[in-house]
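Each chain, letter by letter, is given below.
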Amino acid sequence: MKRKIVTVLLLASTTLFYAQKFEKKIIHEKPLIETYHETYKVEDNYQWLEDLKNEEVINWVKEQNKISKRYLESCSKKTNAFRVIGKYSDTDYDYKIPYKKGKFYFSYFVENHLKEASLYFKPSLKNDYKKIVDPAYIGGEGRVRIEAYYTSKDSRYLTYFYSRDGGDWREARIVDLKRNKHFDETLKDIKFSNAIFVGEGFYYKKFPRNSKFDADIAPQIYYHKIGTPQSEDQLIFERKNKPHIELSIQSVKSKRYLILSEKDEQKGIANHYYYDFSEEVARIRPLARNLKTELDVLEERKEKGTIIANIFDKETEKTIVVEINPKDPRNWKQIIPAYENSHLVQAKVVPSGVLCVFKEKLKTIMTFYNFEGEILYRDVQPIAANVGGFMEGETEDDIIYKLKSYTVPNVIYEFNTKTFEKELNQKTGITFNAKSIRYKEHYIISRDGKEIPVIMVYDEEKMTQGKPNPTLIETYGGFGSISSPYFKPEIVHFIKKGGIYVYAYVRGTGGFGNEWIEDGKALKKQNTINDLIDVSEFLIKENYTSNEKLAIKGGSHGGFVVAAAGIQRPDLYKVVIPEVAPLDMVRKEKFTVGKLNSDEYGSVETLEGFNNLYKLSPYHNIKEDINYPAMLVVTSDNDERVPPFHSYKFVAKLLNRKAQTNPILLKVEKNSGHYGGTNSYRGLREKADIYGFIMNTLEMK
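**Observations regarding the sheet that holds strand S24 (residues 343-350)**
Consideration 1: The 4 strands lie next to each other as S24-S25-S26-S27, forming an open sheet whose pairing is antiparallel. Unpaired on one side and paired on the other, S24 and strand S27 (375-380) mark the two borders of the sheet. Adjacent strand axes in the sheet meet at a mean angle of 20° when their direction is disregarded.
Consideration 2: Bridging between strand S25 (residues 353-360) and strand S26 (residues 363-369) involves 7 bridges; their strand directions are antiparallel. When the sheet's bridge partners are listed, Leu355 is paired in S26 with Phe368.

Okay, structure coming up:
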C-alpha cells in the first residue's frame, strides 16, 4: 500500500477568517495562599482551574478553543500551511515495511485519514495481508488507537494493547491467529507495560487506578491465562511497602528467559531477577542486585544459553554491551566497550554478532561487532542523519533499517550481517526540491564557557544572507533523552519560505556525556534554560535573525524550557510555543508521573528543591507589567503525563493583565493525550496550526 494524503481532505472547505484583532477572554482569580516548609507563602490564585469538572472552567476552556480556532485558521490560510504541509507529507514509498514477529509479518495501514490505523498480518512476504484488528470496531467510549502488539512463541496468539483518547492507560485483547478467533476477555488498568508470552498466557504490568490525574504508584506484575477473566490473573510481583518502586519486564526472542527489574529512583539502585523457563519448574532467581547501572536485555545467545545486554552507567553516561551467564551472573564478559567521545544508542543482536548505532557529537555511526568484540564493519552517516528501526529481514542474518532526517523521509536499506552488503530497499519519492537544502553544525559558547551543539537547516536559495531571517529554535533538553532527527514536512514548509530551523542540544540532552546531562538536572536546571537563551543571543548577534523574527518551540520538558526562557527573557522572542508542558513546577509532583520525575526536576519536598522550582516555574514568575511574546500554548484534555490544567493556569494568568497585548492562545486538543492527535488528519491539522501561527506572527510571505 502507498501512503497518500487524501486530496479531498487537503481541499476540504472550511470557514476561514483573515487576520483579526486578538480576542481576550479572561477568567477571574480566586485568592489562595499555600505555605511551604512552614515559612514560604506561594500565591496560587488559579489553582481552582485544576477542577476540570467545574462548569465555569469547562466553559472558559471552550471559549479559549473557539478564539484560538478562529485565529489559527486565519494564520493557516495566510501561510498556506495545511495544504503545503499535507503535500510535503506525501512521500512515495511503502511507509510500513512488514515487521516480522515470530513466524509472521505485521503492519499498520490507514484506510481513511480520519480513522486510526488498522493492524494487518501475513504468514509470508508472498501472501496478501489480512486484517486482524480495526480499532473502529472496538467498543466503549473514546477514540481507540492500537498502541502495541505482542505474539506468542509459536506465533499462534497475539495480544494487542490499545488506548482511548490518546491516554497512557491501556486495555488489552487477544486473538488466535490460526483460527482468526477473538477471545472474550478484556484486560484493563495496564500502563507503561509490554506483554511477554510464556506457556498459556502472558505477563504484563498494571497500576491501581484511582481518580484521573492521581500519582502513578505501586505497580504490579501479573500473569494472564488466555481464555480466563482478568479477575483470575495471578499476581507475580509487587512491593507493597515501597509504592514508589518502578517495575519492568523483559525477555528474549525464544522466551526462555523472563527478566523482572525493580528500580528505586530515590536511592538510584536497581535489582534484576530472572526466570529460566527451560527448567522443569521455573523459579525467580537474582541476576544482578543493587546495581547503580541500568540493564537492558537485547537477546539470548542461543548456542551458549547466555544473555546479551546493555549496561548503562548513569555516572559516566556510557553504555557497554556484555554477555551474562545467568548461572554465573557475577562474571560478566564485556563485548563492546564504552568510548570516550561516542555513545551507544541502539543495538541489535544477530547470530554472528551485534549491530550497533553510536552517536559521535552530531554524527551517527553504524558498526558491527562479533561476540569477541572485534569491529568488522563501520559506516559513518551524514550530519543529523538518524539510523534505526532495526527489523529482521528474510533471514536472521538480514537486517532492515531506516535512515531519516528533518527533511529526509524514511529511506529503507537492507543490510546483511555476514557479507556486510548494504542495499537500497526502494527509492523514496518526495514532493519538494531538496537540492538546495543544507545542514550546518555549530558549537555555540555558553555564558559559562561550554559548547552547545546546534544543527541549522535552511534552503540556501531562500535564506537571505546579511540580514535577519525568520528563525525557529526547537529543543527538549531533559531526562538524558537523545534527540534523534526524523522527517518533519512542516520544517520543509518553513525553510522553503526563507526560514532557518535550529535544533539546540542544550544541557540535559543525552549523547554528549554524563556531565552534559547532570548539568541540566534538578538544581542545575537553569543551565538548560540559559543554554537556549545563549543560542538565541548568538543567532541574533551573528545576524542570522533578530528578536522580531525569532520563535522558540518545545514539547513536554522542552515546552517547560521554552516557556521559562520566554518568561525570563521576553525581549528575545517574537513567538513562544510550549506544547503539553509542565508550567506549574510547585504543584507538579501531586499529579500522575510528577513524583516519578523528581530526579529530573528536583522536588519541592526539600527546601533547596522548593526554592529552585519556584524560581524556575513559568506560571509563578509572570510579571504584571510585561507584554510577553505571542504564545500558542498547546495541551490535550486527556494528557495523563502533564495534566492540561498546567496550561490553563498559565494562560489565565498571562491573559488577566492589562500589559498583555500580544496574542496568548490556548489550544486544547480534544480526546487526545500527551502525543496529541491520533490520526493522520488531526496530526496534520496540529502541524498547520502551530506553523501557521509561527509563520504568520513572523510575517513570512
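**Here we look at the layout of surface pockets**
Leftover empty space is mapped by rolling, across the atoms, a probe with the size of a water molecule.
Consideration 1: Quantified by volume, the second largest pocket comes out at close to 540 Å³.
Consideration 2: In terms of lining, the second largest pocket is formed by 28 residues, of which the most central are Trp169, Arg209, Lys212, Asn638 and Glu640.
Consideration 3: Contributions of two or more residues to the lining of the second largest pocket are made by strand S8 (157-164) and strand S9 (170-176).
Consideration 4: The element contributing the most residues to the lining of the second largest pocket is S8, with 3 residues.
Consideration 5: The class makeup of the residues in the lining of the second largest pocket is 6 nonpolar, 8 polar and 14 charged.

**So, helix H6 (residues 525-541)**
Consideration 1: Along its 17 residues, H6 runs 25 Å from first to last C-alpha, staying within 8% of the 24 Å computed at 1.5 Å per residue.
Consideration 2: For H6, the buried fraction is high: 13 of the 17 residues fall into the buried class.

**Side note on the environment of Pro663**
Consideration 1: Note on placement: Pro663 falls in the loop between helix H10 (645-655) and strand S39 (664-669).
Consideration 2: Among the residues examined, Pro663 registers a relative accessible area of 13% and is labelled buried.
Consideration 3: Remark: the alpha-carbon pair of Pro663 and Tyr476, spanning 187 residues in sequence, is separated by 24 Å.
Consideration 4: With residues up to four places along the chain from it excluded, the contact list for Pro663 reads Phe22, Tyr71, Pro629, Ala630 and Met631.

**Some remarks on the pattern of salt bridges**
Consideration 1: Across all of its chains, the model carries 55 salt bridges by this definition.
Consideration 2: A salt bridge links Glu111 to Lys115, with the shortest nitrogen-to-oxygen separation between them at 3.4 Å.
Consideration 3: What makes Lys115 partly exposed here is its relative accessible area of 26%.
Consideration 4: With a closest N to O distance of 3.5 Å, Glu116 and Arg143 form a salt bridge. Placement of the pair is Glu116 in the loop between strand S4 (104-109) and strand S5 (118-122) and Arg143 in the loop between strand S6 (130-133) and strand S7 (144-151), with a sequence separation of 27 residues.

**Considerations on helix H7 (residues 557-568)**
Consideration 1: The terminal C-alpha atoms of H7, which comprises 12 residues, lie 17 Å apart, in line with the 16 Å expected from a rise of 1.5 Å per residue.
Consideration 2: The element H7 is extensively covered by neighbouring structure, given that 11 of its 12 residues are classed as buried.
Consideration 3: Among all positions of H7, only His557, Gly558, Gly559, Phe560, Val561, Val562, Ala563, Ala564, Ala565, Gly566 and Ile567 are buried.

**Some words on the side chain of Lys521**
Consideration 1: Tracing the backbone through its elements, the reader meets Lys521 in the loop between helix H5 (514-518) and H6.
Consideration 2: For Lys521, a relative accessible area of 13% corresponds to the buried category.
Consideration 3: Polar side-chain contacts of Lys521 include one of 3.1 Å to the side chain of Asp599.

Thresholds, definitions, all that
Residue numbering note: each chain is counted from 1, following its sequence as written. Owing to the predicted nature of the model, reporting of local features is limited to residues with pLDDT of at least 70; listing and counting of side-chain atom pairs is limited to 80 or more, with chain, interface and lining totals taken over all residues. Side-chain descriptors were evaluated using all non-hydrogen atoms of the structure, hydrogens and water having been removed beforehand. DSSP bridges decide pairing: two strands pair if at least two such bridges lie between them. By the criteria applied, helices consist of DSSP H or I runs no shorter than four residues and strands consist of E runs no shorter than two, each listed in order from the N terminus. Working convention: axes come from line fits to C-alpha atoms, limited for helices to the stretch in contact. Angles between N-to-C directions cover 0 to 180 degrees. Lining residues are defined by having an atom within 4 Å of a point belonging to a cavity or pocket. Those points lie on a 1 Å grid over the protein atoms alone, cavities being sets where a 1.4 Å probe fits but cannot get out and pockets being open sets with protein on both sides within 12 Å along at least five of seven lines. Grid points are joined across faces, edges and corners, and a volume is the space filled by probe spheres set on the points. Gly falls in the polar group here, along with every residue not listed as nonpolar (Ala, Val, Leu, Ile, Met, Phe, Trp, Tyr, Cys, Pro) or charged (Asp, Glu, Lys, Arg). The length a helix should cover is 1.5 Å for every residue beyond the first. Burial classes: relative accessible area under 20% of the type maximum marks a residue as buried, over 50% as exposed, and values in between as partly exposed (1.4 Å probe, protein chains only). Should any heavy atoms of two residues lie within 4.5 Å, those residues are counted as being in contact. A pair is scored as a salt bridge if a Lys or Arg side-chain nitrogen falls within 4 Å of a carboxyl oxygen belonging to Asp or Glu. Polar contact is defined as a pair of N or O atoms within 3.5 Å, subject to the rule that within protein one atom must be able to donate a hydrogen and the other to accept it, and that residues adjacent in sequence are counted only when both atoms are side-chain atoms.

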